[in-house]
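Overview (structure and organization)
Chain residues, written in single-letter form:
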Amino acid sequence: MNNSFQTVLPKLPLRFLKWFCSPDLIEDVEGDLSELFAIRQEKSKVKARFWFYLDVLLLFRPGIIKQVEFNKGLNQYSMLSNYLKIAFRNALRYKGYTFLNLFGLVVGIASTMLVLMWIDDERSIDKFHENGDEIYQVFRNMKQSNGMVSTTTSTPKPLGDLVRDEYSEVDQVVWLSQTREIKIQLEDQLIDEGGSFASPEVLDMFTFEMLLGDESTALSNVSNIVIAESVALKYFGQNWRNEAMGKILRIEDAFDAIVSGVFKDLGDKSTLDFNWLMNAQVFIGANSWVNDWGNGSFMTFIRISDESKVQTVSDKILMEIKDHTVGNPNAGDEEVIIYKFEDTYLYSKFDNGVVSGGRIDFVRIMTIVAIFILIVACINFMNLTTARSSRRSKEIGLRKVMGAPRKSIRTQFYFEAFLLTLIAVVISVFVVIMAMPYFNDLVGKQLSIDFSDQRTWYFLIGLTFSVGLVSGSYPAVLLPAISIVQSIKGAMKQPSYAAYFRKGLVIFQFAVSTLLIIGTTVVYKQIDYVLNKDLGLNKDNLLAVAIDQGILGRLDTYKSELMRLPDVKAVSAASGNPLDYGRSTSSTNWEGKNPADGYEVNVMLTDEDLISTMGMEMLKGRDFSLQLEDSTNFIINEVAAEMMGFDDPLGKKLSFWGIDGRIIGVVKNFHMRNLYEPIAPLIITCIDPQRSNVVLVRIGDNMSETISAIEKVTAGLSPDSEFEYQFIDEAYEESYRNEKTVSKLANIFALISILISSLGLFGLASYSAEQRSREIGVRKVHGASVLQILMLLSKDYSKLILIAFVVSVPFGYMVTQNWLDDFEFRTSLDPLVFIIAGIVAFLIGVLTVAAKSYQAASVNPVRSLKQE
């Protein structure tokens, strides 16, 4: 054949020929056709091409078409049927191994699914807004006394005006107040509802589903109010769709508002939380100070559709507050930054004005835990399959004698792994559904499996494929490589690398388990530390009762009536509880202050009873007194005294908010927020108790009766108010809710990891006992005791567990120390934690091996030797 002709053969029929022709015939057929084409081409190229097309079409007939593919399909079907029978026979024959294998996979897969559902829910928060990737939130960085920078979402209202009017790169600006409760009245119904004042564009920028009304006009009028579906249901009943629109609601008994829309309740997928929205001009009109650059009254959101302009806007906005407060001695040393809104839930932690993490840290930790659990489950599968490999050696040898290639045997093991994984995934789905209510209680969410979501099926299919592939890889590669002679004899001597690999898997399993025990213990210690640390105040039996205008108007009477209750020890009105004192200012001045310096200082408005009620300690000076004129005097904490540079602050002048006064006392530092943050400077003043939001009540041990009595007193003075209270110690605990959730999850998964690892170790111990049954028999015949046999079989695994401990310690130290570094106040890393974790893992592992070893050592040696 002249190869030059091949280059000129018509491509289309040639491709068709190669597609249908049997691989065994294609070379000869193509050669013959090429020679014919070359001969015909010498006479006529057109005729040669015509005849080539015709020849190819005529060749498309039985005998030359790939009939073998059809047969191959039948063979494959037959093989799969055979694999299925063998898999079920083996599963039924070795019920114990099958149960352990399946149980390990189900526990691992179900645990991983639950954690991944939690992670997916965390990552979905605030992601439902249609233009979410174009919305940015403005943050304000404020310099603190210690030179650090704190970050807040409260920004000056004029900033939003400036960005809206002068920044052409910005498409939209919205400001939104923090959620606050107001009284909403309809006829005889008076209910406290939390909501926000917002610019009219808020319903356009964010995707809040409107059930009634038009989002573009619902807030255009200052007298309009938009309410949530649940609020509409309260006021207008089941027929709210026909009753709500246009109705007039009385707000704070001060003005009327017309219902102009109803939106669907925001739910737990939104960090923005409000049940009503009113035009921001209502709030601005009543509070002229809002227009001052020195106040942070609103959260500001901007929308930038062109992503390439984000950096330009960010650069321009960086120094806006500072630029507009030049020459103002009350101005703070502040900057503003922008950050993508949908990322703020996970990345809410700022260190010195720079994003450094947040809930994403917990998400990452749990992602790693989920992956580890799944890998441990896969390793368990490999170990258990290997453990029973000696029992299947004759089957493998017989298949090889019958001509089965390695590929076929490898396929069989992969098939069994995928089949068992598929069964495990199906069972795991049912387990997850059954466990979901308890898991939801644990993590405080409402998770469920959504089978209508395609992602669910992609995930389950992907999980089955990946777990089956990983789980089946080791036995599928190792077992077919064993020689026929060894297989038939049943005395399988595995290659040295296989033994090292198996030992490596055991080390990895127990290293993960030990690491989880270390992490769980450190988290528990830190949580216990923060909940029991001396906070500088007595948080036990301290109640914060929310008060409204009805109570504020008769505050002295309310306090007097509470004090008459037998188990009430002290009462004080304040602008907030220790974790939410409500106010701060950057306009503080004191003697000797550098006018160029601006510091953010927290302010607590209270009365003369705060120090005694809270159980604080006065270090210098005196407490507020009813007999003295203290309305312009101040008490500061130690951090504030240090910030101001006073050796003796008593009597020093201090002014803010236009009030000039003097410092009369210094109170010992107390923790005002969680222990992630340093103690901030604080000024306590009793200039105006009427600005109070709560009444702090110190009660005795008779809690339930005292709380009922307080509720009656509250209802007596303000019959329409809703009685709301919170224990301060519970408020502190609530601030560590995420840590407690992760701690509980880590506890559970540490146990699961140990359980699965122990299953694998039990399987390997069984394998080892089988391999050494003859040796055990000989040793017993020569007088070896059960204890000696037990130690013989256990010592190798003991070494592996000790190596796992050594491997896990540096990783455990690095991870836990890094986590603890996030706390300003933290417990120390005690070496005892690592030692206890190692002992626990060691004991569990050794006892597991010992249980199987004792069984093997107790067998009559005659029986073992006869089997050999």
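A brief look at the structure comes next. (Residues numbered from 1 in each chain as written. Predicted model: local features only at pLDDT ≥ 70, side-chain atom pairs only at ≥ 80, totals over all residues. Heavy atoms only, no water.)

Let's shift gears to the overall build of the protein. Check the secondary structure of the protein and you find 29 helices and 26 strands. Burial status across the protein gives 51% buried among its 868 residues. A sequence separation of at least 24 residues applies to 78% of the contacts in the protein between residues at least 6 apart. Carbon and sulfur atoms provide 55% of the accessible area of the protein, an area that totals close to 41200 Å². (Helix = DSSP H or I, 4+ residues; strand = E, 2+ residues; numbered from the N terminus. Buried < 20%, exposed > 50% of the residue type's maximum accessible area, 1.4 Å probe, protein only. Contact = heavy atoms within 4.5 Å. Areas by Shrake-Rupley, 256 points an atom, 1.4 Å probe, with all protein chains shown as cover.)

Bringing the sheet that holds strand β26 (residues 725-727) into the picture now. A sheet is described by the order of its strands in space; here four strands give the open sequence β16-β25-β15-β26, paired in antiparallel fashion. Only two strands of the sheet have a single partner each, and these edge strands are β16 (568-574) and β26. The mean angle between the axes of side-by-side strands here comes to 20°, regardless of whether they run parallel or antiparallel. Along the sheet, helix α20 (residues 555-564) makes contact with β15 (542-546), β16 and β25 (694-699), crossing β16 at roughly 160°. (Pairing = 2+ DSSP bridges. Axes fitted to C-alpha atoms, helices over the stretch in contact; angles between N-to-C directions.)

Regular strands show a simple pattern: their side chains alternate between the two faces of the sheet. Here three bridges tie strand β5 (residues 189-198) to strand β10 (residues 276-279), and the two strands are oriented parallel to one another. Residue pairing in the sheet places phenylalanine 197 in a bridge with methionine 278 of β10. Direction of pairing for strand β7 (residues 224-228) relative to β10: antiparallel, over a ladder of three bridges. Within the sheet, the bridge partner assigned to isoleucine 225 lies in β10 and is methionine 278.

Looking now at the packing of aromatic side chains. Per the counting criterion, the structure on display carries 19 aromatic pairs. Seen from their ring centres, phenylalanine 283 and phenylalanine 298 are 5.8 Å apart, and the 85° between their planes marks the pair as edge-to-face. Within this pair, whereas phenylalanine 283 is found in helix α10 (residues 280-286), its partner phenylalanine 298 is found in the loop between α10 and β11 (299-303), the two being separated by 15 residues in sequence. Connected via pairs of aromatic rings, a cluster forms that spans Phe206, Phe208, Phe263, Phe274, Phe301 and Phe341. (Phe/Tyr/Trp six-rings, centres within 6.5 Å; stacked < 30°, edge-to-face > 60°.)

At a closest axis distance of 7 Å, the pairing of helix α5 (residues 95-124) and helix α15 (residues 406-443) adopts a crossing angle of 45°. Judged by the inter-axis angle, α5 sits oblique to α15. Pair α5 / α15 crosses with right-handed handedness. (Parallel < 35°, antiparallel > 145°, perpendicular 65-115°, else oblique. Left-handed = near helix turned anticlockwise from the far one by under 90°.)

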